[in-house]
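Observations on the model geometry
Chain residues, written in single-letter form:
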Amino acid sequence: DSITLKYGAQYIGKRQDAEMKKFRANRLGQFIHWGLYSIPGGEWNGTTYLGAAEWLANFAKIPNATWDSLQYQFNPNKFNAVQWAKMAKASGFKYVTITTKHHEGFCLWPSEFTEFDIENTPYKKDLLKEFVDAYTEAGIDVYFYYSILDWHHKDWRYDIKNQADSLAFSKYFEFAKNQLLELQQKYPEVKGFWFDGTWDASWKKNGKYSYDIQKALKEVNPNVIVNSRLRADDFGSRHFDSNGNLMGDYQSGYERYLPAKNDTLITKIDWEACMTIPVNQWGYHKDWSLSHVKSANEILELIVKTVSLGGNFLLNYGPKGDGTFRNEELEISNSIGNWMSKYADKVIYYGDYANLKPQDWGYYVKNTNSGKFYGVVFNLPLSKLLKIELPNGKKLKVVNFETEKLEYHHHDKMGYFISLPENTPNEPFIFEILME
Ligand SMILES: C[C@@H]1N[C@@H](c2cn(-c3ccccc3)nn2)[C@H](O)[C@@H]1O
C-alpha cells in the first residue's frame, strides 16, 4: 500500500491533452547551451580544461567576480535567430530547448529580478525574444531550460544546515519562482520547462518548493510541460516519488545515455533523452579533438533507438560566444536533415514502441499516426537476411522496401528471414512490415 505524499506525483499515466500529444509526436528536439561559458570555450589563462565547458568556472576555480565580468564581453554580433531557426527546421527538429539560465546564473533575457542578465551586456537587446519569435515563426515549439542550481545568487545554498540557510534558500526559491513566472509572462509561446541542477541536498529537502513551482507554472498555463528532473517529493526522492510514481510530465533522467534496447518499463511512460555530440560538452568548447565526436550515423542510431522505446530525443548544440555554430555541428545538422527529409515522417514523428522482439540489425518503430510498423536497419547482417520474430497469432504478410516487396521465408520456430535487395543504400534505411 502506498505512502501518503503531499509533494509526490500529481497524476498517474500518460497525459492525453493536445499539448502533450504534440510533445510526444515531435520526438526530435534541438538543445541549445548558450551563456557566458560560451566565450572562454573551456580555456582559462592559457589552460584548456577537459571537463564540460559550461562547468569551467567550477573546474578552474574562478572567483564569481572574475567570472561574472564576462558579462561585459557578451556581444554575439553574429547571432541571427532566423538563420538558427532555419537550420533547425532543415535538420528536422520539431522543438527546441534553450538555456535561459545555466548554473552560472546569467540570464539570456532582461529579468527584473537580477542585473546579471542580457540587458547589462554590450548586446543589450532581448535576445530570448528574438530567439522565441524566430523559432515560433519557423513552426518549432519552444521550451526553456532553467537551472535551479545558481552559482551567482547570494541566497543559493547547497544544503540547509541551520535557520539562516533555510531563510536564505526560501529567498532563493522566491527569486527562482518569480523568474519562471516572468518567463511565462514575457514569452507566452513557451510550451514547457526543462529543469536542471536539482541534485543538491537543499533542493531534495524542499519537495514543497519543486511542487510549488510545478503548480505555479500550471496555474498560468494548465498544459505547460515540466520535466521530472524538477521534482523531489516529501522524502527527497527525485524523478519518481517514494511510491515509484513519475513526477512531472515526462522522465528526464537519460542524460548522455539511453535505456537498454529490451527495457520495456521505459516504454510505459513519457521520457526524453538528451545527448551531446562529443562525449561530454554542452557549452561551446574550443577543442573537440579531446574526446570522441559522434558521427551522423551514430547520432541517427541514438535517435531511432530512443523513438523505438517511445522516447523523445534532444540533440545538443553549443554555439560560440559570437552566435555562430562550429563546423562539426553544421555538418551534423546537414547530414541529419538529409536523412530526416526521407524517413522522419515514417519512423520519427509520431514514432513509438512497436512491441516486437528486438533484433540485432536495428530497431522497430510503430507510427501512431498511420498505424504502420517499420524496421530501421543500422547493422547489415553479412548473411544478407533480416530476422523478424512475431508474437504468437501474428503472421508476416508483406515487407516493403521502398516500392519493392521483399522475399521472405518462414522457419516456424525461428521466425521469418527477409532477403535483402541487392543494392541496399549505404545509409540507415527502413522497410515497412505488414502483419495479419
Ligand atoms: C543537461 C546537462 N546537465 C548539466 C550537468 C550537471 N552535471 C553534474 C555534474 C556534477 C555533479 C552532478 C551533476 N552534469 N551535467 C550540464 O551542464 C548540462 O546542462
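One can find the structure itself at the top, above this paragraph.
Residues numbered from 1 in each chain as written. Predicted model: local features only at pLDDT ≥ 70, side-chain atom pairs only at ≥ 80, totals over all residues. Heavy atoms only, no water.

With that out of the way, let us pick up the environment of Ala9. Relative to the elements of secondary structure, Ala9 occurs in the segment before α1 (18-26). For the pair Ala9 and Gly248, spaced 239 residues apart in the sequence, the C-alpha separation amounts to 7.1 Å. Setting aside residues up to four positions removed in sequence, Ala9 forms contacts with Asp241, Asn245, Leu246 and Met247. (Helix = DSSP H or I, 4+ residues; strand = E, 2+ residues; numbered from the N terminus. Contact = heavy atoms within 4.5 Å.)

Moving on, we get to the sheet that holds strand β11 (residues 362-367). Spatial ordering of the open sheet is given by β10-β11-β12-β18-β14-β15, a layout of six strands whose pairing is antiparallel. Looking at which strands have only one partner, the edges of the open sheet turn out to be β10 (351-352) and β15 (404-405). Inspection of the sheet shows β10 paired to β11 by two bridges, in the antiparallel sense. Bridge pairing in β11 links Gly351 to Asn367. Packed onto the sheet, helix α9 (residues 296-308) meets β10, β11 and β12 (373-377) and runs at close to 50° relative to β11. (Pairing = 2+ DSSP bridges. Axes fitted to C-alpha atoms, helices over the stretch in contact; angles between N-to-C directions.)

In this section: the side chain of Asp200. By the element assignment, Asp200 lies in the loop between β6 (192-196) and α7 (201-204). One buried charge, Asp200, has no salt-bridge partner; the nearest side chain with opposite charge is Lys204, at 7.9 Å. Those residues within four positions of Asp200 in sequence are excluded, and the remaining contacts are Leu149, Trp156 and Tyr158. (Buried < 20%, exposed > 50% of the residue type's maximum accessible area, 1.4 Å probe, protein only. Lys, Arg positive; Asp, Glu negative; His and termini not counted. Salt bridge = Lys/Arg side-chain N within 4 Å of Asp/Glu carboxyl O.)

Here we come to the side chain of Asp165. Topologically, Asp165 is positioned in helix α6 (residues 163-186). In this view, Asp165 contacts Arg157, Asp159 and Ile160; residues no more than four positions away in its chain are not counted.

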